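Tertiary structure, described
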Amino acid sequence: MDELEKLFERYLQSNIFRNREILLPDYVPDKLPHRDEQIKRLATILAPALSKSKPNNVFIYGFTGTGKTAVTKYVLKRLGSKGEDRVLFAYVNCRQSNTNYRVLAELSRAVGRRVPFTGLSTSEVMSRFVEGLDKLDKVMIIVLDEIDHLVKKSGDDVLYFLTRINQQLKRSRLSLVGITNDLRFMEFLDARVRSSLGEEELVFPPYNSRELEDILRRRAEKAFNKDVLEPSVIAKVASIAARQNGDCRLALDLLLKAAEIAERRGDVKVTEEHVSLAQKEIERNLVVDITKSLPLHVKLVLASIYMLEKERARNLTTGMIYNRYVELSRVIGIDPVTQRRVSEILNELDMMGIINARVVSLGRYGRTKIISLSVPKNSIKEGLEEDLLLLGLADMVALG
DNA sequence: AATCCACAGGAAGTGCTGGGCG
DNA sequence: CGCCCAGCACTTCCTGTGGATT
């Protein structure tokens, strides 16, 4: 038996997993524990669709991993099975479709109008959508998940259009379900859009440690073989996730990764130690992946921050970082972007959670951003390494 | 109390890509 | 074919500002 064969063999007779898929992020269980209240309220709000009247628009808030998407999909599925002939759904993830055009194009496709992914004017797509929808003679419910991403990027034009569309419809009706984890999101909206979208509001509270434990236990029962989890594992995973705003997705991922680590090592039981390792790996992978996929100038800005921090410079300001960035650009012979742009890049990095940037006033010494890395230096280094080598900057940056 | 630094961050515009439409 | 469109990354020009120092 060669090496590969041994490896495959080990997977075949995994003594840890019974059904690994149950822990994957897009697995939808047939029961959603501890969300009964939210399910009931959403169902009550949307039920009028069954009698062909327009349900109120709904706004759903809650941190990541509190079950917003799962509950919404669940309710829609159940609703659909009762009234397929009258109700039509569309689910749009605005993180992926984060421009006006893309959202409208997806919606048009949902009502059976073919639309190219670029080329048409937005208003053209709008009218195709209206026409397609009205012809269907149905109540349509549109779910805009992570709606804050759309608005931050492209404004609320589409929302304005969608909230007023009913006036143009003769036979069909349209309702919106907006989902976000940004609690201050509503402030960005036009007052008319705000009042229309906020007809109903639904808040998803974070899961507490006990609830997370319960959920994990139910999943673990199906996902793992008997007695492979040490008794304290679930409690530990739950308490870590509870601290992260009760993020259930994180909890499941943590459990999955911990079990995978145990399996890879050939251990027979998943222990708390595996969980700790998994926690570090998740964090590291996330940062490394994000860093690797950054555009060149963003990488150079990040490399500048990395260098300065390594040199133990304190209280990094936009100006300091910009100077360093310009130097690096000169060394590799490319035109640097303007400070205005770098200021924006710093905001972007802050939003991604890689750095911490807060605006402060230093009185006489001006107003600026104070910046620090908010992830381990080594993760940044690992993410940048490949490019720095290619650019011949490796020595310079690494030595600092 | 007035000043003034070192930027923040809004608005508008440019040049480019990748794709319509007639 | 020529012209139009949206999106993106970026520039140019700009006005605004908290608070240590004068």
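Please read these numbers as outputs of a predicted model, since none were measured by experiment.

**Describing the packing of aromatic side chains**
In this description, an aromatic ring pair is defined by two values, namely the gap between the centres and the angle between the planes. For the coordinates displayed, the defined rule picks out 3 aromatic pairs. When the ring of Y322 is compared with that of Y325, the centres are 6.0 Å apart and the planes differ by 35 degrees; the resulting orientation is tilted. With Y322 and Y325 both in helix α14 (residues 318–332), this residue pair falls 3 residues apart, about one helical turn. The same class applies to Y322 and to Y325, which are both buried. The ring of Y207 has R35 lying over it, and the distance from NZ or CZ to the ring centre is 4.2 Å.

**A few points about the protein's contact with DNA strand B**
Taken together, 21 residues sit near DNA strand B, with T318, R340, G363, R364 and G366 positioned nearest. When atoms of DNA strand B within 4 Å of the protein are sorted by moiety, sugar and phosphate together comprise 68%. In this structure, T118 approaches DNA strand B through a side-chain N or O atom, which is 3.4 Å from a base nitrogen. Between K369 and DNA strand B, the recorded distance is 3.3 Å, taken from a side-chain N or O atom to a phosphate oxygen. The set of elements that each furnish at least two residues to the surface near DNA strand B consists of α14, α15 (339–351) and β8 (367–373). When residues in the surface near DNA strand B are grouped by element, the largest group, 4 residues, is from α15. Taken together, the residues that form the surface near DNA strand B break down as 5 nonpolar, 11 polar and 5 charged.

**Quick notes on helix α7 (residues 157–164)**
Residues of α7 that are buried include every one of V158, L159, F161, L162 and T163, and no others. Against the buried residues of α7 lie α4 (100–110), α5 (122–136), β3 (139–145), α6 (147–154), β4 (173–180) and α8 (191–197).

**So, the packing of helix α13 (residues 296–310) against α15**
With their axes 10 Å apart at the nearest point, α13 and α15 run at an angle of 80 degrees to one another. By the angle class used here, α13 and α15 are roughly perpendicular. On α15, the residues that touch H297, V298, V301, L302 and I305 of α13 are V342, I345, L346 and L349. Looking at the contact of α13 with α15 residue by residue, the class counts come to 8 nonpolar, 1 polar and no charged.

Scoring rules and cut-offs
Residues numbered from 1 in each chain as written. Chains lettered and ligands numbered in written order. Predicted model: local features only at pLDDT ≥ 70, side-chain atom pairs only at ≥ 80, totals over all residues. Heavy atoms only, no water. Phe/Tyr/Trp six-rings, centres within 6.5 Å; stacked < 30°, edge-to-face > 60°. Helix = DSSP H or I, 4+ residues; strand = E, 2+ residues; numbered from the N terminus. Buried < 20%, exposed > 50% of the residue type's maximum accessible area, 1.4 Å probe, protein only. Lys NZ or Arg CZ within 6 Å of the ring centre and 35° of its normal. Near = heavy atom within 4 Å. Polar contact = N/O pair within 3.5 Å; in protein donor to acceptor, adjacent residues only side chain to side chain. Nonpolar A, V, L, I, M, F, W, Y, C, P; charged D, E, K, R; others polar. Contact = heavy atoms within 4.5 Å. Axes fitted to C-alpha atoms, helices over the stretch in contact; angles between N-to-C directions. Parallel < 35°, antiparallel > 145°, perpendicular 65-115°, else oblique.

So, to be careful, I would describe these as geometric facts and stop short of saying anything about function.
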